[in-house]
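Structural overview
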Amino acid sequence: MKEEKTQSNNLTKLNNMSSILKLMGCVIVATILVSFAVFAEETRTEPSIEQRLSDLESYVNNVGRTADSSKNIQSKLAVCDSNKGSYSPLPGPGHNAWLMMSTALVLFMTLPGLALFYGGLVRKKNVLSVLAQCIAIAGFVTILWWVFGYSFVFADGGGPIIGNFTKFAFFKGVNSFVNTNYCYWVSHNIFAIFQMMFAIITPALIVGAIAERIKFSSLLMFIGLWMVIVYFPLAHMVWGIDGLMNGVWNPNAKIRALDFAGGTVVHMSSGWSALIFCLILGKRLGFPREQMPPHNMVLCMIGTGMLWVGWYGFNAGSALGADIIAANAFVTTTISAAIASFVWAMLEWIIKGKPSVLGFCSGAVAGLVVITPSCGFVTTNGAIIIGIVAGIIPYLAVSYLKPKLGYDDSLDTFGIHGVGGTIGALLTGILATSSVNGNLTDANIAAKTNGLANLVTNGGLVFEQLKAIAITLLISIIGTLIVAFLVKFSVGLRPNEEAETIGLDLSEHGEEAYHH
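Residues numbered from 1 in each chain as written. Predicted model: local features only at pLDDT ≥ 70, side-chain atom pairs only at ≥ 80, totals over all residues. Heavy atoms only, no water.

**A few points about the overall build of the protein chain**
Quick note on the threshold: Secondary structure elements are defined from DSSP: runs of H or I of at least 4 residues count as helices, runs of E of at least 2 residues count as strands, and each element is numbered from the N terminus. In this scheme, a residue with accessible area under 20% of its type's maximum is buried, one over 50% is exposed, and one in between is partly exposed, where area comes from a 1.4 Å probe on protein chains only. Any two residues having at least one pair of non-hydrogen atoms within 4.5 Å are treated as being in contact. Surface accessibility in these figures is a Shrake-Rupley result with a 1.4 Å probe; residues are shielded only by whichever protein chains are displayed.
A tally of helices and strands in the protein chain yields 17 helices and zero strands. Residue burial in the protein chain is summarised as follows: out of 516 residues, 54% are buried. Considering only intrachain contacts with a sequence separation of at least 6, the fraction spanning at least 24 residues in the protein chain is 75%. Accessible surface for the protein chain amounts to roughly 22300 Å². Of this, 67% is attributable to carbon and sulfur atoms.

This is how it looks when you write it as structure tokens:
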């Protein structure tokens, strides 16, 4: 009994000791947790209501975040280095959604918009060749853009003429966070793909001048070289953050020009290059003795409608957010296109006796082209002026200049895009106003530093636009001459006469659009 009692006492002591150890463990763990909490509280400052409201206000206005840069961000968000001063460093859902939609709209311009527009205008034996050229360019340019094109155009640090070849090569670092060099509330990868759509449609426009008479392999070789020598450098100079002619965002820009959505970069470069290329390539067999009317104006009309709809992404999307500038671009684009379409057809009616569907379509595209560089900088009254001019001058270029000089611009790429883009760039210098776009005022540090704001006020902007036009012409013409002759003397440009007579659908692609 005494032994049992001793054992019982020992067990009691052990239980008591175990309880004490457990209690001590809990106290130690609690002490550690409290210490961590105190340390975290000391090192992490929650944003104030004012800071959160500041971020929200910045998002609504599509401007840079102004929250206190000293506060910390949750570690899972810290990869967005450029926005560590914000409690909301992620892209804004509304602006991001608009740019994703705009990206799809700009692709819609090429596929199927431009493809159908051009496809309807050529003869039926060549319609598939035009479709093939458009979709092939989309794929080929995408590869170039991913490998080095995007970095060449939009990476900073390379200088005012070219970007940095390696910074964003293979889309390195191009993720879903924000690159504040270009936009405050849009994902970097969405911005990159949006800009890629411009890179796709620009060389596709050249197809219209050389349709029905170029080898498919030669076209691809030309496009690859042309993108590197003409498009990428020009796009960097106009839109790159440190570009030579980026008057809005580069405080050190030597030429303080404006190009909201691609008057110089897209339309002038493709239009003037198209003229040079078609002259080097030569005329179609039988031109101008034989009549070569469009084979299907229904396709052309459908393609025109798709281009018009897609152009809202092209122009309004270039605001890089769903803001008041995007709204202005949307409205001015509509007005210019509608007026130019009407004016062109009315001129035909007066001069030739009948308003044609082709006239309405050509006028609409001309109106869209001419408003492109200024859509985010001009008022609705300015858009009316641009629409009238767009309906007259490109019409005269297509109807009178082309026959007078005798060049074979198959589908009038030069008359509409070359001439129209040049006029649009010039009218931007005359009609742009800071009442529409606050980035043209001293409130924009870059515009204040480089003197753009003063130029807009005193009327000196037009001279900057003339400089930009001159540089665009030089790059486009000289670059195209180099590339076209390189291709001509290496692999040749044209198919043989038999292949051209049969049609490129069969001779180049082994297919027919229509079977009888």
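**Quick notes on the pattern of salt bridges**
Spelled out, the test is: The rule for a salt bridge is simple: a side-chain nitrogen of Lys or Arg has to be within 4 Å of a carboxyl oxygen of Asp or Glu.
This model, assessed by the stated rule, comprises nine salt bridges. Here Glu212 makes a salt bridge to Arg123, at a shortest N to O gap of 3.1 Å. Here the residue Glu212 occupies a position in the loop between α5 (188–210) and α6 (216–239), and Arg123 occupies one in the loop between α3 (93–121) and α4 (127–154), the gap between them amounting to 89 residues.

**With respect to the environment of Gly424**
Inspection of the secondary structure assignment puts Gly424 in helix α12 (residues 413–431). With relative accessibility at 0%, the residue Gly424 sits in the buried group. Not counting residues within four places of it along the chain, the set of residues in contact with Gly424 comprises Val370 and Pro373.

**Brief notes about the side chain of Ser269**
The following threshold applies: Whenever a nitrogen or oxygen atom comes within 3.5 Å of another N or O atom, the pair is scored as a polar contact, on the condition that within protein one atom can donate a hydrogen and the other can accept it, and that pairs from neighbouring residues in sequence are kept only if both atoms are in side chains.
As for its position among the elements, Ser269 is in helix α7 (residues 263–281). A relative accessible area of 0% places Ser269 in the buried class. Among the polar contacts listed, one links the side chain of Ser269 to the backbone oxygen of Val266, at a separation of 3.2 Å. For Ser269, the residues in contact, after removing those within four places along its chain, are Thr202, Trp226, Val230, Leu234, Thr264, Thr472 and Ser476.

**Examining the packing of aromatic side chains**
Rules: Two rings from Phe, Tyr or Trp (for Trp, the six-membered ring) form a pair when their centres sit within 6.5 Å of each other. Planes less than 30 degrees apart are called stacked, planes more than 60 degrees apart edge-to-face, and all others tilted.
Across all of its chains, the model carries 30 aromatic pairs by this definition. On the numbers, 5.5 Å between centres and 55° between planes, the contact of Trp311 with Phe314 is tilted. Of the two residues, Trp311 and Phe314 both sit in helix α8 (residues 297–315), three residues apart, roughly one turn of that helix. Every member of this aromatic cluster is reached through a ring pair, and the members are Trp145, Phe148, Tyr150, Phe152, Phe154, Phe165, Phe168, Phe171, Tyr182, Phe191, Tyr231 and Phe232.

**Regarding a nonpolar patch on the surface**
Stated formally: Residues forming no salt bridge and having over 30% relative accessible area are the ones grouped into patches, like charges within 9 Å of each other and nonpolar side chains (Val, Leu, Ile, Met, Phe, Trp, Tyr) within 5 Å.
On the surface, Ile350, Ile351, Ile384, Ile388, Ile392, Ile393, Leu396 and Tyr400 cluster together to form a nonpolar patch covering roughly 680 Å² of accessible area. Listed by contribution, the elements that provide at least two residues to the nonpolar patch are α9 (324–352) and α11 (380–405). Along the polypeptide, Leu396 turns up in helix α11.

**As for α3**
The criterion, for reference: Multiplying one less than the number of residues by 1.5 Å gives the expected span of a helix. Bend at a residue means the angle formed by two fitted axes: the first through the 7 residues ending at that position, the second through the 7 residues beginning there.
Under the 1.5 Å per step criterion, the end-to-end length of α3 is 41 Å for 29 residues, consistent within 8% with the ideal 42 Å. A maximum bend of about 40° is found in α3 at Gly113.

**What about α6?**
Maximum bend of α6: about 45°, positioned at Met227. Across the 24 residues that make up α6, a large majority, 17, are buried.

**A word on the packing of α8 against helix α10 (residues 357–371)**
Inclusion rule: Where helices are involved, their axes are fitted lines through C-alpha atoms of the stretch in contact, as for all axes, and angles between N-to-C directions lie from 0 to 180°. Oblique is the label for any angle not covered by the other classes, which are roughly parallel (under 35 degrees), roughly antiparallel (over 145) and roughly perpendicular (65 to 115). Crossings are assigned a handedness: left-handed for a near helix turned anticlockwise from the far helix by less than a right angle, right-handed for a clockwise turn.
Orientation of α8 relative to α10, taken along the N-to-C sense of each, is 15°, at an axis distance of 10 Å. If you check the angle between α8 and α10, you find them roughly parallel. Between α8 and α10 the crossing geometry is left-handed. Residue-level contacts link Met297, Cys300, Met301, Thr304, Leu307, Trp308, Trp311 and Asn315 of α8 to Val357, Leu358, Cys361, Ala364, Val365, Leu368, Val369 and Ile371 of α10.

**What to know about the environment of Lys448**
Within the fold, Lys448 resides in helix α13 (residues 445–450). Taking the relative accessible area as the measure of exposure, Lys448 reaches 51% and is therefore exposed. In sequence terms Lys448 and Val248 are 200 residues apart; their C-alpha atoms lie 9.4 Å from each other.

**A closer look at unusual backbone geometry**
The omega angle of the peptide bond from Leu111 to Pro112 is 10°, so this bond is cis rather than trans. With respect to the secondary-structure elements, Pro112 resides in helix α3. The step from Phe287 to Pro288 runs through a cis peptide bond, and the omega angle for that step is 5°. For Glu212, which is not glycine, the phi torsion reads 80° and is therefore positive. Positive phi values are uncommon outside glycine, yet Leu320 reaches one of about 60°. On the basis of relative accessible area, Leu320 is assigned to the buried category, the value being 11%.

**Thoughts on the side chain of Thr480**
Relative to the assigned elements, Thr480 resides in helix α15 (residues 461–490). Given the relative accessible area of 0%, Thr480 is considered buried. Here Thr480 is in contact with Phe222, Trp226, Val230, Ser273, Ile276, Phe277 and Ile475, once residues within four sequence places are set aside.

**Topic: the state of the cysteines**
Put simply, the test is: We call a pair of cysteine sulfur atoms a disulfide whenever their separation is within 2.5 Å.
One pass over the structure, following the stated rule, counts zero disulfides. Considering cysteine sulfurs only, Cys300 is the nearest to Cys361, which forms no disulfide, with 4.3 Å between them. The exposure class of Cys361 is buried, given its relative accessible area of 1%.

**Points about the confidence of the model for the protein chain**
Counted only if it meets this: Note: pLDDT gives the predictor's confidence per residue, expressed from 0 to 100.
Residues of the protein chain with pLDDT of at least 70 account for 86%, and the chain-wide mean is 89. Note on residues 67–85: pLDDT under 50 across the span, and 37 contacts to partners over four residues away in sequence or across chains.

**Structural notes on the environment of Tyr182**
The residue Tyr182 is located in the loop between α4 and α5 in this model. Separated by 67 residues in the primary sequence, Tyr182 and Trp249 have C-alpha atoms spaced 8.7 Å apart. Discounting residues that sit within four places of it in the chain, Tyr182 has contacts with Phe154, Phe191, Trp239, Gly240, Ile241 and Leu320.

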